[in-house]
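Structure at a glance
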There are 2 protein chains.
Amino acid sequence: MREFALYSRKGRTDSRFTSLREAGRLDVVHECIVASLFLSHGIRRNVVFHILLSGPPMPPLHLKIDGATLRNVRTDQETWKVILKNVLSGKFHPGVSVDKISFEALLKAKADEASIYVLEEGGKDIFKVAIGENPFFVLGDHIGLPKKVEGYALRYGEKISLIKQPYLAASCINILNYLLDRKAAI
Amino acid sequence: MREFALYSRKGRTDSRFTSLREAGRLDVVHECIVASLFLSHGIRRNVVFHILLSGPPMPPLHLKIDGATLRNVRTDQETWKVILKNVLSGKFHPGVSVDKISFEALLKAKADEASIYVLEEGGKDIFKVAIGENPFFVLGDHIGLPKKVEGYALRYGEKISLIKQPYLAASCINILNYLLDRKAAI
């Protein structure tokens, strides 16, 4: 299994929005969903994507999208606006779940079964790291990880870097999927 | 310089649309624009992104986005809906231009100055190819390159592959940028 966790500082925690962008940049979350879970005409069944929404009105909220059970989806923003609005208002969508767990509690629960990595430009070069079984990658959104959250994640994980340039979160996810796919293909 | 060219089979060639998705999947074009030209909080000044629009009502149309002169942009879909509608109705936006050149003519013009590569799962593994100066990468959209267009591109270029799985076009662009950035950083 392969997991990604995006910390969204401003992502809205209810369904009262008309555009993903204005809902605390849930459009960035959408891009990361596509990067983590979609191939061309297919879903990555071995990927789980977590989003930690920390925006108003009732943070924190943990959204989990499980490629193994995800159904009735397409890649476009409009489709995901509807799905996110639905699950944030308590409706069901296959493969998408919501709970009130905090990031700290999620990381603690994962620490036993997964290898946790925090993505940051200053981390150790990924080509010099032997990525473990069941990797769990922590990423910040366009604002970056709060220091407190990063500190917590580093109790359980290691700081790694793709390159010394600041990439968009969705780009990082695409690249991580690629590096792991190549590794698996050898 | 680094160039990407996306062949969009259905991308609309006028500004009469209300959603990018319904304009022949211009939302896919938007994702590729972001992947090719944007870092976190920055623009890749060394990248040019070409889109060959082949949808109604008056194909072909060549849209060129030049990172060197691109201004007044953000990454979100709404921003790019406005920019694309503007340039498709003849208005000016810095760094974005439109002309009636065909894909064939564009490739022919590039063949002298650039190293042309056509991205396809069946191509030669990119790790076994010495990517030349000024690479120019040709990609299909979600439907894929028409055989005729591919044949034309291969007169001037080489078929290369990132991996044997079919990735989304925007994912391919993110990965290509990464591989070239790493090469440049060594």
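For clarity, every value in this text was computed on a predicted model and none was experimentally measured. Per chain, residue numbering runs from 1 following the sequence as it is written. Working convention: letters from A go to chains and numbers from 1 go to ligands, in the order in which they are written. This being a predicted model, a pLDDT of at least 70 is required before a residue's local features are given, and a value of 80 or more before pairs of side-chain atoms are given or counted; all residues contribute to the totals for chains, interfaces and linings. Water and hydrogen atoms play no part in the side-chain values, which are based on all heavy atoms of the structure.

Comments concerning the confidence of the model for chain A
Residues shown with low pLDDT carry predicted positions that ought not to be read at fine detail. Defined as follows: Confidence per residue, as judged by the predictor, is encoded in pLDDT with a range of 0 to 100.
Averaged over every residue, the pLDDT of chain A is 95; the share at 70 or more is 99%. Scored as a whole, the predicted complex attains pTM 0.96, and scored at its interfaces, ipTM 0.95.

Points about the relation of the copies chain B and chain A
We count it as follows: The copies were overlaid by least squares, fitting only the C-alpha atoms of residues that reach a pLDDT of 70 or more in each copy. Contacts are assigned to residue pairs with any non-hydrogen atoms lying within 4.5 Å of each other.
Under the fitted operation, chain B is carried onto chain A by 0.0 Å of movement along the axis and a turn of 180 degrees, and the coordinates agree to an RMSD of 0.0 Å. The relationship between the two copies is best expressed as a two-fold rotation axis. In terms of proximity to the rotation axis, the leading residue of chain B is I175 of chain B, whose C-alpha is 2.8 Å off the axis. The overlap is high: 100% of the interface residues of chain B also sit at the interface in chain A, so the same surface is used on both sides.

Quick word on the interface of chain B and chain A
Where we set the bar: By buried area we mean the combined loss of accessible area, with a 1.4 Å probe, across both parts when two parts are placed together. Here, a salt bridge means any Lys or Arg side-chain nitrogen found within 4 Å of an Asp or Glu carboxyl oxygen. The definition of a polar contact used here is a pair of N or O atoms within 3.5 Å, where within protein one atom must be able to donate a hydrogen and the other to accept one, and adjacent residues in sequence count solely through side-chain atom pairs. Helix and strand labels come from DSSP, where a helix needs a run of H or I of at least four residues and a strand needs a run of E of at least two; each type is numbered from the N terminus. Under the scheme applied, nonpolar residues are Ala, Val, Leu, Ile, Met, Phe, Trp, Tyr, Cys and Pro; charged residues are Asp, Glu, Lys and Arg; polar residues are all the others, including Gly.
The interface of chain B with chain A comprises 34 residues on the first partner and 34 residues on the second. A buried area of about 2900 Å², summed over both sides, lies between chain B and chain A, and 53% of it is on carbon and sulfur atoms. Among the residues of chain B in contact with chain A, L168, Y178 and R182 of chain B are the three that bury the most area, contributing 21% of the side total. Joining chain B to chain A, the criterion identifies four salt bridges. Inspection of the region where chain B meets chain A yields 16 residue pairs in polar contact (both at pLDDT 80 or more). The set of elements that each furnish at least two residues to the side of chain B that touches chain A consists of helix 1 (26–37), strand 2 (38–39) and helix 5 (169–185) of chain B. By residue number, the principal contributor to the side of chain B that touches chain A is helix 5 of chain B, which donates nine residues. Across the side of chain B that touches chain A, the residue classes tally to 14 nonpolar, ten polar and ten charged.

Regarding the environment of Q77 of chain B
Inspection of the secondary structure assignment puts Q77 of chain B in helix 2 (residues 77–88). Considered as a pair, Q77 of chain B and G140 of chain B are 63 residues apart in the sequence and their alpha carbons are 20 Å apart. Residue contacts for Q77 of chain B: discarding those within four places in its chain leaves Q77 of chain A together with L20, D27 and H30 of chain B.

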